[in-house]
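Observations on the three-dimensional arrangement
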Amino acid sequence: MLRCIAVDDEQLVRELLEDNIRQIPFLQLVKTCRNALEAMEVLQQETIDLIFLDIQMPRLSGLHFLQSLRNPPLVILVTAYEQYALEGFNLQVVDYLLKPFSFERFLKACHRADELFRMQQKLSAPTREITDFFVNVEYTQVKIVVADIEYIEGLKDYIKIHLSSFPKPVLTRMTMKAIAEKLPAAAFVRTHKSYLVAAQKITAIRRDLVCIGEKEIPVSDFYKENINRLVNPES
């Protein structure tokens, strides 16, 4: 649900907004406010997702109030003055309701706010980091645990996935680009056009090699900077 406030200096408009809001199941009215200063106080105390905001109010106009907010919630402007529409949209408001408005028009604006809110929630949600995946090996789907990978070796259209828990590499038809897109970028370092190495598994670094125990993996000139960043992450 979107937690919202209605801000208007006219009591009849506040009552209309309150009645409309209570009829929409995905809205939760937190408070109605008579002016921008009351709204500012509510924003300091409550989490608000949407503001229904009048423009012409005493002491501080709705637009000046909106401009003063560092991270404003979604805003639907509610006003009797059409000339402020362009300025409102420049402030990236969700919609602009011109008084008097119908419930159908009000509902349309609310649906638009709900869609934007859901989109923002999806964009801000943390992406789940992949921990395992399956590859095709001779008509069998084999599970690969990311934490078990030591390094990956590219062989044209095939790759060898070298694992800590298994002495023989897993051979599958896949490009280096495709496997790199599956793996968490911060956990693997490219040392060569044909090698992708798990950074945490590297035990030693030499001039043109990285080592995982006794295994030596080449480092080409093109990818040396990747290894330098491992050694000197602040540089």
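Look up a bit, the structure's there.
These lines cover the structure that appears in this document, whether it is placed above or below. (Residues numbered from 1 in each chain as written. Predicted model: local features only at pLDDT ≥ 70, side-chain atom pairs only at ≥ 80, totals over all residues. Heavy atoms only, no water.)

With that out of the way, let us pick up the sheet that holds strand β11 (residues 188-192). Read across the open sheet, the five strands follow the order β10-β9-β8-β12-β11; overall the sheet is antiparallel. Edge strands, defined here as strands with exactly one partner in the open sheet, are β10 (170-173) and β11. Taken pair by pair, the neighbouring strands of this sheet meet at an average axis angle of 20 degrees, ignoring direction. As judged from the six bridges shared by strand β8 (residues 149-155) and strand β9 (residues 158-163), these two strands associate in the antiparallel manner. Across the sheet, residue isoleucine 152 finds its bridge partner in β9, namely isoleucine 161. (Pairing = 2+ DSSP bridges. Helix = DSSP H or I, 4+ residues; strand = E, 2+ residues; numbered from the N terminus. Axes fitted to C-alpha atoms, helices over the stretch in contact; angles between N-to-C directions.)

Using the criterion set out here, one finds 14 salt bridges in the structure. When the shortest N-O distance is used, the salt bridge between arginine 173 and aspartate 157 registers 3.9 Å. Placement of arginine 173 in strand β10 and of aspartate 157 in the loop between β8 and β9 is noted, with a sequence separation of 16 residues between them. Overall, aspartate 157 belongs to the partly exposed group, its relative accessible area being 41%. (Salt bridge = Lys/Arg side-chain N within 4 Å of Asp/Glu carboxyl O. Buried < 20%, exposed > 50% of the residue type's maximum accessible area, 1.4 Å probe, protein only.)

Taken by themselves, the reported measurements are silent on function.
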